[in-house]
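# Descriptive structure summary
Here are the chains, one letter per residue:
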Amino acid sequence: KLDKDLVGACFGLGTSLYAQNKAAEALPIFEALSQRTDDWGAYAREYLAACLYDLGRFDRAILLLQDILAKQPQDAANRWLLAKSLYKTKRYSEALGFFRSVAAEDASRQEAALYYEAVCLEQLGRTREAEQAYRTISQGKTEWAHEARKAGAALVGKPYRVYLDFLGGYDTGIVKQGEDS
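Residues numbered from 1 in each chain as written. Predicted model: local features only at pLDDT ≥ 70, side-chain atom pairs only at ≥ 80, totals over all residues. Heavy atoms only, no water.

### Concerning the layout of surface pockets
- If you add up the space inside the second largest pocket, you get close to 160 Å³.
- Along the walls of the second largest pocket sit Tyr18, Glu46, Tyr47, Ala50, Asp75, Ala77, Asn78, Trp80, Leu81, Lys84 and Arg109, which together make up its complete lining.
- Put simply, the parts of the chain that give the lining of the second largest pocket at least two residues each are α3 (39–54) and α5 (76–88).
- The leading source of residues in the lining of the second largest pocket is α5, at 5 residues.
- Looking at the lining of the second largest pocket residue by residue, the class counts come to 6 nonpolar, 1 polar and 4 charged. (1 Å grid on protein atoms, 1.4 Å probe; cavity = no way out; pocket = protein on both sides within 12 Å on 5 of 7 lines; lining within 4 Å. Points joined across faces, edges and corners; volume = space filled by probe spheres on them. Helix = DSSP H or I, 4+ residues; strand = E, 2+ residues; numbered from the N terminus. Nonpolar A, V, L, I, M, F, W, Y, C, P; charged D, E, K, R; others polar.)

### Considerations on the packing of aromatic side chains
- Enumeration over the complete set of coordinates arrives at 16 aromatic pairs.
- With a centroid separation of 5.0 Å and 15 degrees between ring planes, the pair formed by Phe30 and Tyr47 is classed as stacked. Here the residue Phe30 occupies a position in helix α2 (residues 23–33), and Tyr47 occupies one in helix α3, the gap between them amounting to 17 residues.
- The exposure class of Phe30 is buried, given its relative accessible area of 0%.
- What makes Tyr47 partly exposed here is its relative accessible area of 30%.
- An aromatic cluster of at least three residues, connected via ring pairs, comprises Trp80, Tyr87, Tyr92, Phe99, Tyr115, Tyr116, Tyr134 and Trp144. (Phe/Tyr/Trp six-rings, centres within 6.5 Å; stacked < 30°, edge-to-face > 60°. Buried < 20%, exposed > 50% of the residue type's maximum accessible area, 1.4 Å probe, protein only.)

### Quick word on α2
- Inspection of α2 places Ala23, Ala26, Leu27, Ile29, Phe30 and Leu33 among the buried residues, and these make up the whole buried set.
- On its buried side, α2 packs onto α1 (4–19) and α3. (Contact = heavy atoms within 4.5 Å.)

### Here's the deal with the environment of Asn21
- With respect to the secondary-structure elements, Asn21 resides in the loop between α1 and α2.
- Residue Asn21 is classed as exposed on the basis of its relative accessible area, which comes to 73%.

### Considerations on the nonpolar core
- Within the largest apolar cluster, 49 residues are counted, with the highest numbers of intra-cluster contacts made by Phe30, Leu65, Trp80, Phe99, Tyr115 and Tyr134.
- Examining the composition of this core, we find that 8 residues originate from one element, helix α7 (residues 110–123), more than from any other.
- Not counting residues within four places of it along the chain, the set of residues in contact with Phe99 comprises Trp80, Ala83, Lys84, Tyr87, Ala113, Tyr116, Glu117 and Cys120. (Core = buried A, V, L, I, M, F, W, Y, C linked by side-chain atoms within 4.5 Å.)

### A word on unusual backbone geometry
- Of note, the phi angle at Asn21 is positive, near 60 degrees, even though the residue is not glycine.
- At Lys90, a residue that is not glycine, the phi angle is positive and equals roughly 65 degrees.
- Residue position: Lys90 is located in the loop between α5 and α6 (92–105).

Structure below.
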């Protein structure tokens, strides 16, 4: 068992490596520290999740982040990382909910979350909703607004299916590309 000063030194080394974009080198430090049951362990698990994300180990990051968020559901930074991890694994339906909550509750990530919300909608085949979502953020001068304008322009004129009464199955007959009429 490490004494408190040594734990702090190890944590400091891990965070320093991570800040230098050396996630692979920081990973074993955070893996070891994440076994602790104190605050050091909790903080180490958060950095471990970030390292896993940066290294493309999204499935493992998702499991860890779900565990972290079960204990701290209002942690915006970890909800953001979970949303991005779900997105990277093409779990768009799950990611969509997290992007929406981040957009509603985290002003620093709002525009990025709205952009990814639109991308998820597009990937789920919800073209009209995606187009509207892109339009929501496209008026600004940020990089996200620029990307939203490009993505929205690519959707213009793209056919989509409209369901006026989803439960009743009423269908307007407008079809998505690739579907039979």
